[in-house]
Amino acid sequence: WNLFDGKHNKKQIAIAKLQTSVLEKRKEQIATRIKSEVFVALNNYNNTKRILTLEENNKGISEESLNISLEKFRLGSSTILELNEAQQRFDTANNRYINAYFDVKDAEIEIERLMR
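Residues numbered from 1 in each chain as written. Predicted model: local features only at pLDDT ≥ 70, side-chain atom pairs only at ≥ 80, totals over all residues. Heavy atoms only, no water.

Observations regarding the overall build of the chain
Item 1. Helix and strand content of the chain: 2 helices and 0 strands.
Item 2. Against the globule reference of 13 Å for 116 residues, the chain gives a C-alpha radius of gyration of 31 Å, more extended than a compact globule.
Item 3. Referenced to the eigenvectors of the C-alpha coordinate spread, the extents of the chain come out at roughly 110 × 20 × 15 Å.
Item 4. Across the 116 residues in the chain, those meeting the buried criterion constitute 17%.
Item 5. At a minimum sequence separation of 6, the contacts of the chain that also span at least 24 residues come to 75%. (Helix = DSSP H or I, 4+ residues; strand = E, 2+ residues; numbered from the N terminus. Rg over C-alpha atoms; globule rule 2.2 N^0.38 Å. Buried < 20%, exposed > 50% of the residue type's maximum accessible area, 1.4 Å probe, protein only. Contact = heavy atoms within 4.5 Å.)

What about the environment of E37?
Item 1. With respect to the secondary-structure elements, E37 resides in helix α1 (residues 8–75).
Item 2. Expressed as a C-alpha distance, the spacing of E37 and L114, which sit 77 residues apart in the sequence, is 7.7 Å.

Focus: the pattern of salt bridges
Pairs may arise between side chains of opposite charge once their charged atoms sit close together.
Item 1. Using the criterion set out here, one finds 5 salt bridges in the structure.
Item 2. Between E71 and R74 there is a salt bridge, with the nearest N and O atoms lying 3.6 Å from each other. Taken as a pair, E71 and R74 lie in helix α1 at a separation of 3 residues, close to a single helical turn.
Item 3. On the basis of relative accessible area, E71 is assigned to the partly exposed category, the value being 38%.
Item 4. The salt bridge partner of E108 is K105, with a shortest N-O separation of 3.3 Å. Residue E108 and its partner K105 are both found in helix α2 (residues 80–115); the two are separated by 3 residues, about one turn of the helix. (Salt bridge = Lys/Arg side-chain N within 4 Å of Asp/Glu carboxyl O.)

Focus on the packing of aromatic side chains
Item 1. For the coordinates displayed, the defined rule picks out 0 aromatic pairs.
Item 2. Just above the ring of Y97 sits the side chain of K59; from NZ or CZ to the centre is 4.4 Å. (Phe/Tyr/Trp six-rings, centres within 6.5 Å; stacked < 30°, edge-to-face > 60°. Lys NZ or Arg CZ within 6 Å of the ring centre and 35° of its normal.)

Structure representation (structure tokens):
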């Protein structure tokens, strides 16, 4: 039987307490990081949804403008250049709408990833 172990057991207990403390801090850091990432992802999703709504409205307005320009061209009160500009604005609005839609879907996927 060993009567004196050089305080080896006390040292092992102190080391175990420190390791437990370090693991608790890591756990808190991970939880904070996850909460932060979820918060950022939800804000990003909400912002992209707002942008999508604006781009959808913009697309409708540019389509209406294109129809007006086309009708003016048919009536002869507009030039082909004005019609071409309206078509370009319509195409640009459609591209921005598609990009906004893609951004919303990307934000949804990020939220799904974080929830798993």
